[in-house]
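The primary structure of each chain is shown beneath.
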Amino acid sequence: MEKSRRPTMNDVAERVGVTKMTVSRYLKHPHKVAKKTGEKIQIALDELGYIPNRVPDILSNRSSKTLGVILPSLRHPVFQQVIAGIEAITEENGYQVMLAHGGYEAEIEQQRIESLLSFNVDGLILADNEHTAKSLKMIQTAGIPYVEVMDSTATETTHGVGIDNELAAFSMVTLMIERGFEHIVCLNVKKGIRTSSKLQGYVDAMEDAGLTPRSITAKAESSVSLARKMTTKVLDRYPDTDAFFCTDDELAAGVLIECQNQGLSVPDQIGIAGVHALDIGQSMMPKLASVVTPDRETGERAALTLLSMINGTEWCSEPLEFEIDEGDSLATSA
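Model, not experiment: these values are computed from the prediction. (Residues numbered from 1 in each chain as written. Predicted model: local features only at pLDDT ≥ 70, side-chain atom pairs only at ≥ 80, totals over all residues. Heavy atoms only, no water.)

**Points about the overall build of the protein chain**
Turning to step 1, where the next piece is worked out: Looking only at helices and strands, the protein chain features 13 helices and 11 strands.
Turning to step 2, where the next piece is worked out: Dimensions of the protein chain, computed from C-alpha atoms along their principal axes, come out at roughly 80 × 40 × 40 Å.
Turning to step 3, where the next piece is worked out: In the protein chain, buried positions account for 48% of the 334 residues.
Turning to step 4, where the next piece is worked out: Long-range contacts, defined here as pairs at least 24 residues apart, represent 69% of the contacts in the protein chain between residues at least 6 apart.
Turning to step 5, where the next piece is worked out: Accessible area for the protein chain stands at about 16700 Å²; split by element, carbon and sulfur atoms hold 49% of it.
Turning to step 6, where the next piece is worked out: In the protein chain, the 32 positive side-chain charges and the 47 negative ones have mean positions that sit 12 Å from each other. (Helix = DSSP H or I, 4+ residues; strand = E, 2+ residues; numbered from the N terminus. Buried < 20%, exposed > 50% of the residue type's maximum accessible area, 1.4 Å probe, protein only. Contact = heavy atoms within 4.5 Å. Areas by Shrake-Rupley, 256 points an atom, 1.4 Å probe, with all protein chains shown as cover. Lys, Arg positive; Asp, Glu negative; His and termini not counted. Charge placed at Lys NZ, Arg CZ, Asp CG, Glu CD.)

Below is the structure:
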């Protein structure tokens, strides 16, 4: 199929009867063009199907008005909310988003960073905190700022936007202990949202209470079916288990389903808690206890922080607040 010629600003200007400069001004600063003229230009743009050409700006090293975003998963509901938050802010500020998938692998993230930098993005939002040396070198060479999301931890070189995951896990497990549970097992996944921090919070809460931490970690992404298998393994290995703390609600939902499948009453015999208050857990019977995380706000704050850094202004980012939803899956242990 032969590629058709794209309409130019000259085409728009000729149709409206104005100069190319006026069309250019309207595209960049609509409020600086007379209202009636602007309306005519917009009609012409729509009728011609005009597509802005940003190549000249990119080649001249001016702002591409584009932010690169690399998330480890595009299917997880948490990241869907994060994206919505980012786009809400970028749209207000005249920026576009280029989205890439990193798959929880630093090497894949490196490839995505290289690709996004080739499009001259003005900044990056990354969801992981472990990057290859080459990734960091490329970002440094490009001379652009980047922000890490999903945890409040900051370093000398970047801002961290999110909740304190260790504190969130610590708070939930402490609640479980206060409810009388003593043999709490943590279900964790390697390919998850800051799961190492959540695991550490669990361990700290158990040790502070003089209890023995027990955890099982899978190398895959969280899923209900995976959690059912992990639950069976835990109950076989640790028959005295009286509760599960899961680093994601998908895991917690799988635990609930498997416990019910095995005839175990929740919460009378087994307590269950998760993180992120996903719809799947909030809709189950009994409703799962969970850490409510501000996912959309995380995306909004990340975009605002990055835009501030791009504009050369400092942004003091405090940890975002989380809430504990006690649900119905943590009644006092018998």
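**Quick notes on the pairing of strand 10 (residues 289-292)**
Turning to step 1, where the next piece is worked out: As defined by bridge partners, strand 9 (residues 271-275) adjoins strand 10 across three bridges and the pair is classed as parallel. Looking across to strand 10, one finds that V275 is bridged to V291. (Pairing = 2+ DSSP bridges.)

**Quick look at the domain arrangement of the protein chain**
Turning to step 1, where the next piece is worked out: Domain annotation for the protein chain reports domain 1 (9-52), domain 2 (64-163 + 295-320) and domain 3 (165-292).
Turning to step 2, where the next piece is worked out: Taking only C-alpha atoms into account, the centre of domain 1 sits 58 Å from that of domain 3. (Domains from an automatic or database assignment.)

**Examining the nonpolar core**
Turning to step 1, where the next piece is worked out: With 24 residues, the main nonpolar core has L187, F244 and I272 as its most contacted residues.
Turning to step 2, where the next piece is worked out: Taken together, the elements giving at least two residues each to this core come down to strand 6 (184-191), strand 7 (214-221), helix 10 (224-237), strand 8 (243-246) and helix 11 (249-261).
Turning to step 3, where the next piece is worked out: With six residues, helix 11 is the single largest residue contributor to this core.
Turning to step 4, where the next piece is worked out: Non-local contacts of L187, meaning those with residues more than four positions away in its chain, are made with I216, A227, M230, T231, V234, F244, F245, C246, T247, L251 and V255. (Core = buried A, V, L, I, M, F, W, Y, C linked by side-chain atoms within 4.5 Å.)

**Side note on the side chain of R301**
Turning to step 1, where the next piece is worked out: Here R301 lies in helix 13 (residues 295-310).
Turning to step 2, where the next piece is worked out: Polar contacts involving the side chain of R301 include one to the main-chain carbonyl oxygen of E318, which spans 3.5 Å.
Turning to step 3, where the next piece is worked out: R301 has contacts with V161, W315, S317, E318 and L320, leaving out every residue within four places of it along the chain. (Polar contact = N/O pair within 3.5 Å; in protein donor to acceptor, adjacent residues only side chain to side chain.)

**Comments concerning the pattern of salt bridges**
Charged atoms that come close allow side chains of opposite charge to pair.
Turning to step 1, where the next piece is worked out: Counted under the stated rule, the structure contains 10 salt bridges.
Turning to step 2, where the next piece is worked out: Linking R75 and E250 is a salt bridge whose minimum nitrogen-to-oxygen distance equals 3.3 Å. Of this pair, R75 sits in the loop between strand 1 (66-71) and helix 5 (77-92) while E250 sits in helix 11, placing them 175 residues apart in sequence.
Turning to step 3, where the next piece is worked out: With relative accessibility at 41%, the residue R75 sits in the partly exposed group. (Salt bridge = Lys/Arg side-chain N within 4 Å of Asp/Glu carboxyl O.)

**Focus: the sheet that holds strand 6**
Turning to step 1, where the next piece is worked out: Spatial ordering of the open sheet is given by 7-6-8-9-10-11, a layout of six strands whose pairing is mixed. With partners counted over all chains shown, the strands left at the sheet margins are strand 7 and strand 11 (323-325), one partner each. Strand-to-strand twist in this sheet, taken as the mean axis angle between neighbours without regard to direction, amounts to 20 degrees.
Turning to step 2, where the next piece is worked out: Lying on the sheet, helix 9 (residues 195-208) is in contact with strand 6, strand 7, strand 8 and strand 9; it crosses strand 6 at an angle near 165 degrees.
Turning to step 3, where the next piece is worked out: Of the strands in this sheet, strand 6, strand 8, strand 9 and strand 10 touch helix 11, which is tilted by about 160 degrees from strand 9. (Axes fitted to C-alpha atoms, helices over the stretch in contact; angles between N-to-C directions.)

**Some words on the environment of Y146**
Turning to step 1, where the next piece is worked out: Relative to the assigned elements, Y146 resides in strand 4 (residues 146-149).
Turning to step 2, where the next piece is worked out: Relative accessible area serves as the criterion here: at 8%, Y146 is assigned to the buried category.
Turning to step 3, where the next piece is worked out: Each C-alpha atom of the pair Y146 and L126 lies 7.3 Å from the other, and the pair is 20 residues apart in sequence.

**Details of the packing of aromatic side chains**
Turning to step 1, where the next piece is worked out: Enumeration according to the criterion identifies one aromatic pair in this entry.
Turning to step 2, where the next piece is worked out: A centroid spacing of 6.3 Å and a plane angle of 10 degrees characterise the contact between Y202 and F245, whose relative ring orientation is stacked. Of this pair, Y202 sits in helix 9 while F245 sits in strand 8, placing them 43 residues apart in sequence. Across the pair, F245 and Y202 agree in class, each one buried. (Phe/Tyr/Trp six-rings, centres within 6.5 Å; stacked < 30°, edge-to-face > 60°.)

**As for the environment of Q42**
Turning to step 1, where the next piece is worked out: Positionally, Q42 belongs in helix 3 (residues 35-48).
Turning to step 2, where the next piece is worked out: Note: C-alpha distance between Q42 and V12 (30 residues apart in sequence) is 9.2 Å.
Turning to step 3, where the next piece is worked out: Here Y26 takes part through its side chain, which lies 2.8 Å from a polar atom of the side chain of Q42.

**Overview of the pairing of strand 3 (residues 123-126)**
Turning to step 1, where the next piece is worked out: Residues G123 and I125 point to one face of strand 3 and L124 and L126 to the other, with burial holding for every one of them.
Turning to step 2, where the next piece is worked out: Where strand 1 lies against strand 3, four bridges are found, and the strand directions are parallel. Across the sheet, the residue bridging to G68 is L124, located in strand 3.
Turning to step 3, where the next piece is worked out: Bridging between strand 3 and strand 4 involves three bridges; their strand directions are parallel. Pairing of L126 across the sheet is with E148, part of strand 4.

**Regarding unusual backbone geometry**
Turning to step 1, where the next piece is worked out: Cis rather than trans, the peptide bond between V266 and P267 has omega equal to 15 degrees.
Turning to step 2, where the next piece is worked out: Residue placement: P267 occurs in the loop between helix 11 and strand 9.
Turning to step 3, where the next piece is worked out: At the junction of M285 and P286, the peptide bond is cis and its omega measures out at 0 degrees in the coordinates.
Turning to step 4, where the next piece is worked out: Here P286 is to be found in the loop between helix 12 (279-282) and strand 10.
Turning to step 5, where the next piece is worked out: Positive phi, close to 45 degrees, is recorded for R194, a residue that is not glycine.
Turning to step 6, where the next piece is worked out: Within the element layout of this structure, R194 appears in the loop between strand 6 and helix 9.

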